Amino acid sequence: GESVGLHLPTLSVQEGDNSIINCAYSNSASDYFIWYKQESGKGPQFIIDIRSNMDKRQGQRVTVLLNKTVKHLSLQIAATQPGDSAVYFCAENGSSNTGKLIFGQGTTLQVKP
Amino acid sequence: KAGVTQTPRYLIKTRGQQVTLSCSPISGHRSVSWYQQTPGQGLQFLFEYFSETQRNKGNFPGRFSGRQFSNSRSEMNVSTLELGDSALYLCASSFTPTENYGYTFGSGTRLTVV
């Protein structure tokens, strides 16, 4: 069935280090992927997205890499800050004609000062 | 501009009761999707509405239903509540279903069933 899975449930990093959060997906029909950040008591917040015709996309301090060959997605956060502490979800759209997103289980990022 | 607004923020209901949750999308957004978030199951898709029509439905029992109004506001209803329905219910909006960029989530409604 469709699934988006995360490799690690918790990631602990030192402030200032780079963070890498990984995600595996199984639906080869997915052509759109999103990373969300969710802080306690809030809804998921859009971080960055990427379409399947791209391998890499950069934002402010964040980079998303897409490897379609192995169905792998990663989120890189440069110079991680305490405010980056949150749960991070990857999501895929399954197909381009639906508003349904398939979410991974989430990775908790803990930033140590 | 205002974000996605969900009301109420918190609800406590008793088993067997029913509940209605509301979602007001970002102005101009016509697509609304609902998700249930629990610690054990994560974020699971409930349904999607566009132009007052349900376009997609997740794998939830018929006790879960929804609708969308002409102003794009959406409501979801859960009847005959069960303890397992306790969750954070999230609403997301976008301009259209096919414009995948721009999914914006509300802060959710925390439903507790006792």
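As shown above, the structure is provided for reference.
The rules behind the values
Residues numbered from 1 in each chain as written. Chains lettered and ligands numbered in written order. Predicted model: local features only at pLDDT ≥ 70, side-chain atom pairs only at ≥ 80, totals over all residues. Heavy atoms only, no water. Helix = DSSP H or I, 4+ residues; strand = E, 2+ residues; numbered from the N terminus. Rg over C-alpha atoms; globule rule 2.2 N^0.38 Å. Buried < 20%, exposed > 50% of the residue type's maximum accessible area, 1.4 Å probe, protein only. Contact = heavy atoms within 4.5 Å. Areas by Shrake-Rupley, 256 points an atom, 1.4 Å probe, with all protein chains shown as cover. Lys, Arg positive; Asp, Glu negative; His and termini not counted. Charge placed at Lys NZ, Arg CZ, Asp CG, Glu CD. Polar contact = N/O pair within 3.5 Å; in protein donor to acceptor, adjacent residues only side chain to side chain. Pairing = 2+ DSSP bridges. Phe/Tyr/Trp six-rings, centres within 6.5 Å; stacked < 30°, edge-to-face > 60°. Core = buried A, V, L, I, M, F, W, Y, C linked by side-chain atoms within 4.5 Å. Buried area = accessible area lost by both parts, 1.4 Å probe. Salt bridge = Lys/Arg side-chain N within 4 Å of Asp/Glu carboxyl O.

Draft legend 1. The arrangement of the overall build of chain B in detail. Assigned secondary structure in chain B consists of 0 helices and 11 strands. Written out in order from the N terminus, the α and β elements of chain B read β-β-β-β-β-β-β-β-β-β-β. Its C-alpha atoms give chain B a radius of gyration of 13 Å, near enough to 13 Å, the size a compact globule of 114 residues would have. With respect to the three principal axes, the spread of C-alpha positions in chain B is 35 × 25 × 25 Å. For chain B, the residues scored as buried account for 50% of the 114 residues in total. Intrachain contacts of chain B at a sequence separation of at least 6 include 54% that bridge at least 24 residues. A total of about 5200 Å² of accessible surface is found on chain B, and carbon and sulfur atoms cover 48% of it. For chain B, the separation between the mean place of its 11 positive charges and that of its 6 negative charges on side chains is 5 Å.

Draft legend 2. Fine view of the overall build of chain A. Looking only at helices and strands, one finds 0 helices and 11 strands in chain A. Shown N-terminal to C-terminal, the secondary structure of chain A runs as helices and strands in the order β-β-β-β-β-β-β-β-β-β-β. The buried share among the 113 residues of chain A stands at 45%. For chain A, contacts bridging at least 24 residues in sequence account for 54% of all contacts bridging at least 6. Split by element, the accessible area of chain A, about 5300 Å² in all, is 47% carbon and sulfur.

Draft legend 3. The side chain of Ser74 of chain B, seen in detail. Residue and element names in this part refer to chain B. Along the chain, Ser74 falls in strand β8 (residues 74-78). Among the polar contacts listed, one links the side chain of Ser74 to the side chain of Trp34, at a separation of 2.9 Å. For Ser74, the residues in contact, after removing those within four places along its chain, are Leu21, Ser22, Cys23, Val32, Trp34, Tyr49, Arg67 and Gln68.

Draft legend 4. Representation of the pairing of strand β7 (residues 64-68) of chain B. Residues and elements named next belong to chain B. Relative to β8, β7 is paired through 5 bridges, and the arrangement is antiparallel. The residue bridging Ser65 from the neighbouring strand is Asn77, located in β8. Joining the antiparallel neighbours β7 and β8 is a turn of 5 residues, in which Ser72 adopts a positive phi near 80 degrees.

Draft legend 5. Region of the structure containing the packing of aromatic side chains. Enumeration according to the criterion identifies 11 aromatic pairs over all chains in this entry. Relative to Tyr49 of chain B, the ring of Phe47 of chain B lies with its centre 5.7 Å away and its plane at 65 degrees, an arrangement referred to as edge-to-face. The pair formed by Phe47 of chain B and Tyr49 of chain B is uniform in burial state, with each residue classed as buried. One aromatic cluster is present, formed by Tyr36, Phe46, Phe89 and Phe103 of chain A together with Tyr35, Phe45 and Phe105 of chain B through successive ring pairs.

Draft legend 6. Examining unusual backbone geometry more closely. Here the residue pair Thr7 of chain B and Pro8 of chain B is connected by a cis peptide bond, since its omega of -10 degrees sits within 30 degrees of zero. Take Pro8 of chain B: it is sitting in the loop between β1 (5-7) and β2 (10-13). In this structure, Arg61 of chain A takes a positive phi of about 65 degrees despite not being glycine. Looking at the element boundaries, Arg61 of chain A is found in the loop between β6 (56-58) and β7 (62-67).

Draft legend 7. Region of the structure containing the pairing of strand β2 (residues 10-14) of chain A. Residues and elements named next belong to chain A. Burial of β2 is one-sided: the residues Leu11 and Val13 facing one way are buried, the residues Thr10, Ser12 and Gln14 facing the other way are not. Relative to strand β11 (residues 107-112), β2 is paired through 5 bridges, and the arrangement is parallel. Of the residues in β11, the one forming a bridge with Thr10 is Thr108.

Draft legend 8. Seen up close, the nonpolar core. Of all hydrophobic cores here, the largest spans 21 residues; its most connected members are Trp34, Leu46, Phe64, Met76 and Tyr89 of chain B. Of all the secondary-structure elements, those providing two or more residues to this core are β3 (19-24), β4 (31-38), β5 (42-50), β8, β9 (87-94) and β11 (109-113) of chain B. Leaving out residues up to four positions away in the same chain, Met76 of chain B has contacts with Val19, Thr20, Leu21, Trp34, Leu46, Phe47, Phe64, Ser65, Gly66 and Tyr89 of chain B. Tyr25, Ile48, Ile50 and Val64 of chain A belong to the second largest nonpolar core, which has 20 residues in total.

Draft legend 9. Looking closely at the interface of chain B and chain A. Across the contact, 23 residues belong to chain B and 21 residues belong to chain A. For the pair chain B and chain A, the summed buried area comes to about 1700 Å², and 48% of that belongs to carbon and sulfur atoms. Taken together, chain B and chain A are joined by 0 salt bridges. Our count for the contact surface shared by chain B and chain A stands at 3 residue pairs in polar contact (both at pLDDT 80 or more).

Just distances and angles here, no functional claims.
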